[in-house]
Amino acid sequence: IIRYKNELNESVLAVLTVENKIYVLPQSDFLSLVREAENKGKTPLLLIEEVIENSLPMKLTLNDLDLLKPVDAPEVWAAGVTYENSKLARNYEASQGYEEKEETFYDKVYNAARPEIFFKSTSARTVAPRGEVYLRSDSNWQIPEPELGLVINKVGKIIGYTIGNDMSCRDIEGENPLYLPQAKVWKNSCSIGPSIRLAETVEDPYNFDITCRIFRKEEKVFEGSANTEQLKRSYTELVSYLLKDNEIFDGTVLLTGTCIVPPNEFTLDHNDRIEIEIEGIGILENTVKKQISQT
Ligand code: DO4
Ligand code: MG
């Protein structure tokens, strides 16, 4: 499911099929599609199949469309240290300038029953596919974190999968874990999209290939891949901790953590282009910009 802005500046919901055909859907947004399906006792996929049977695909391709976020997620939450690679990277950050400790907070959380879950973004801070993600002016060590995102409803049902970019400052977090919110949340520090893959169409959500590429002046300066089979925790486990005594809204996105970390000497730069690809969901593309500091 994608959403784009038409020439009248209106938001349009559409479906992109595996044959790369795009059909406009009658619902105004993703949550309306899900609610209409529920009210009719059908699944979103059944409603979409009816549209495909009774209409013609658009002449335009995905590249021609001005993409919006596939869902206007009121909140984006994120899980951390859910892959061994992330634990190793966090330990490296935290060990800079300090004695190596035997067991760090990151080792503990990787093995603990309770996962790390943190508040990542609001709708206003989350940018659309092909949008600009910003650098923090007080960090010299910044990376994208390519993550599978769970699109959930208010009772925690996983209704779809998307791609998320959890922009992160390794130096700020490494200096002190209490700085986590500053290492993770600032203007344009998150992006989701380009599509939502309906959960009912995914045979095995623990077998998504994730690839991240970073380009500088059109030269590829980083590429890394992982698969969600490497995830330490289950999606239902992450969702259940997010929901504990919490109020969550329809269309919330929960990022499931990163397994791809660029080499330790790498940091993002102004005008870098980031691509995060998950097969069957698409390529989330963002350009990196230095923001003019307000302070
Ligand atoms: O511990 C900090 C956050 C880790 C994270 O964002 C991740 O593992 O993806
Ligand atoms: Mg992350």
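Cut-offs applied
Each chain has its residues counted from 1, running along the sequence as written. Here chains are named by letter from A upward and ligands by number from 1 upward, in the order in which they appear as written. Whole-chain, interface and lining totals are the exception, using all residues; otherwise, since this is a predicted model, local features are given only for residues with pLDDT of at least 70 and side-chain atom pairs are given and counted only at 80 or more. Note: side-chain values were computed over all heavy atoms of the structure, leaving out hydrogens and water. Only DSSP runs of H or I covering at least 4 residues are called helices, and only runs of E covering at least 2 are called strands; the numbering of each starts at the N terminus. Only protein chains enter the calculation, and the probe is 1.4 Å; a residue is then buried if its accessible area is under 20% of its type maximum, exposed if over 50%, and partly exposed in between. A contact between two residues is defined here by any heavy atoms of the two lying within 4.5 Å. Under the counting rule used here, the positive set is Lys and Arg, the negative set is Asp and Glu, and His together with the chain ends is not counted. By convention, the point assigned to a charge is CZ for Arg, NZ for Lys, CD for Glu and CG for Asp. Among buried residues, the Ala, Val, Leu, Ile, Met, Phe, Trp, Tyr and Cys ones that are joined through side-chain atoms within 4.5 Å form a nonpolar core. Throughout this document, a residue counts as near a molecule or strand when at least one of its heavy atoms sits within 4 Å of that molecule or strand. In protein, a polar contact means a hydrogen-donor-capable atom and an acceptor-capable atom, both N or O and within 3.5 Å, with residues adjacent in sequence counting only if both atoms are side-chain atoms; elsewhere, any N or O pair within 3.5 Å suffices. Here the accessible surface of atoms and residues is derived via Shrake-Rupley with a 1.4 Å probe, and residues count as covered only by protein chains that are part of the display. Here the nonpolar group is Ala, Val, Leu, Ile, Met, Phe, Trp, Tyr, Cys and Pro; Asp, Glu, Lys and Arg are the charged ones; every other residue, Gly included, is treated as polar. For Na, K and Ca the donor cutoff is 3.2 Å, while for all other metals N, O and S atoms must lie within 2.8 Å; water is not among the atoms, so some sites may look incomplete. What a helix should span is 1.5 Å times the count of its residues minus one. Just so you know, the domain bounds were taken from an automatic or database domain assignment. What gets called buried area is simply the loss in accessible area from a 1.4 Å probe that two parts show on being joined, summed for both. Criterion for a salt bridge: a side-chain nitrogen of Lys or Arg within 4 Å of a carboxyl oxygen of Asp or Glu. A pair of Phe, Tyr and Trp rings is counted when the ring centres sit within 6.5 Å of each other, with Trp represented by its six-membered ring. The angle between the planes then sorts it: under 30 degrees is stacked, over 60 is edge-to-face, the rest tilted. When the NZ atom of lysine or the CZ atom of arginine is within 6 Å of a ring's centre and also within 35 degrees of its normal, the charge is said to sit over that ring.

Considerations on the overall build of the protein
Piece 1. Per the secondary structure count, the protein includes seven helices and 18 strands.
Piece 2. By its C-alpha atoms, the protein is 65 × 45 × 35 Å across when sized along the principal axes.
Piece 3. Within the protein, the proportion of its 295 residues that are buried is 53%.
Piece 4. Pairs at least 24 residues apart make up 73% of the contacts formed inside the protein by residues separated by at least 6 positions.
Piece 5. Charge-centre separation for the protein: the mean point of 33 positive side chains lies 3 Å from the mean point of 48 negative side chains.

Side note on the nonpolar core
Piece 1. Counting 44 residues, the largest nonpolar core has Leu148, Leu150, Ile158, Tyr161, Leu268 and Ile274 as its most contacted members.
Piece 2. The element best represented in this core is helix H7 (residues 235–243), accounting for four residues.
Piece 3. Of all hydrophobic cores here, the second largest spans 27 residues; its members include Tyr23, Val51, Phe118 and Ile159.

Digging into the site of ligand 1
Piece 1. Around ligand 1, 16 residues are found, and the nearest of them are Val81, Ser86, Glu116, Glu145 and Lys184.
Piece 2. At 2.6 Å from an oxygen atom of ligand 1 is found a side-chain nitrogen or oxygen belonging to Ser86.
Piece 3. In the model, an oxygen atom of ligand 1 is placed 2.8 Å from a nitrogen or oxygen of the Glu145 side chain.
Piece 4. For ligand 1, the protein covers 99% of the area, taking 280 Å² as the surface of the free molecule.
Piece 5. Where the shell around ligand 1 is concerned, the elements lending two or more residues are strand S5 (75–80), helix H3 (84–95), strand S6 (116–122) and helix H6 (180–184).
Piece 6. Partitioning the shell around ligand 1 into residue classes produces five nonpolar, four polar and seven charged.

Thoughts on the coordination of the magnesium ion (ligand 2)
Piece 1. Taken together, Glu145 (OE), Glu147 (OE) and Asp166 (OD) make up the protein donors of the magnesium ion (ligand 2), found 2.0 to 2.1 Å from the metal.
Piece 2. Counting gaps between the donor residues of the magnesium ion (ligand 2) yields the pattern E-x1-E-x18-D. Here the residue Glu147 occupies a position in strand S10 (residues 146–152), and Asp166 occupies one in strand S11 (residues 158–166), the gap between them amounting to 19 residues.
Piece 3. Under the relative-accessibility criterion, Asp166 is labelled buried at 0%.

Topic: H3
Since there are 3.6 residues in each turn of an α-helix, residues three or four apart along the chain are aligned in direction.
Piece 1. Here H3 contains 12 residues, and its C-alpha end-to-end distance of 17 Å stays within 8% of the 16 Å for a straight helix at 1.5 Å per residue.
Piece 2. Those residues of H3 that fall on the buried side of the exposure criterion are Ser86, Lys87, Ala89, Arg90, Asn91, Glu93 and Ser95.
Piece 3. Looking at the buried side of H3, the elements it contacts are helix H4 (105–111) and helix H5 (170–175).

Concerning the domain arrangement of the protein
Piece 1. Split into domains, the protein comes out as domain 1 (2–67) and domain 2 (75–290).
Piece 2. Summarising the inter-unit geometry, the C-alpha centres of domain 1 and domain 2 are found 27 Å apart.
Piece 3. At the interface, 13 residues of domain 1 touch 13 residues of domain 2.
Piece 4. At the boundary of domain 1 with domain 2, total buried surface from both sides reaches about 1100 Å², with 65% on carbon and sulfur atoms.
Piece 5. Three residues, Phe30, Leu45 and Leu67, lead the burial of domain 1 against domain 2; their summed loss comes to 47% of the area buried on that side.
Piece 6. Viewed at the interface, domain 2 and domain 1 are joined by one salt bridge.
Piece 7. Among the ionic pairs, Asp250 bridges to Arg35, the shortest N-O distance being 3.0 Å.

Concerning the packing of aromatic side chains
Piece 1. Enumeration according to the criterion identifies five aromatic pairs in this entry.
Piece 2. Three or more aromatic residues joined by ring pairs form one cluster here, namely Tyr161, Tyr206, Phe208 and Tyr235.
Piece 3. Positioned above the aromatic ring of Trp186, the side-chain terminus of Lys120 is 5.7 Å from the ring centre.
Piece 4. Note that Lys232 overlies the ring of Tyr110, its terminal NZ or CZ placed 4.4 Å from the centroid.

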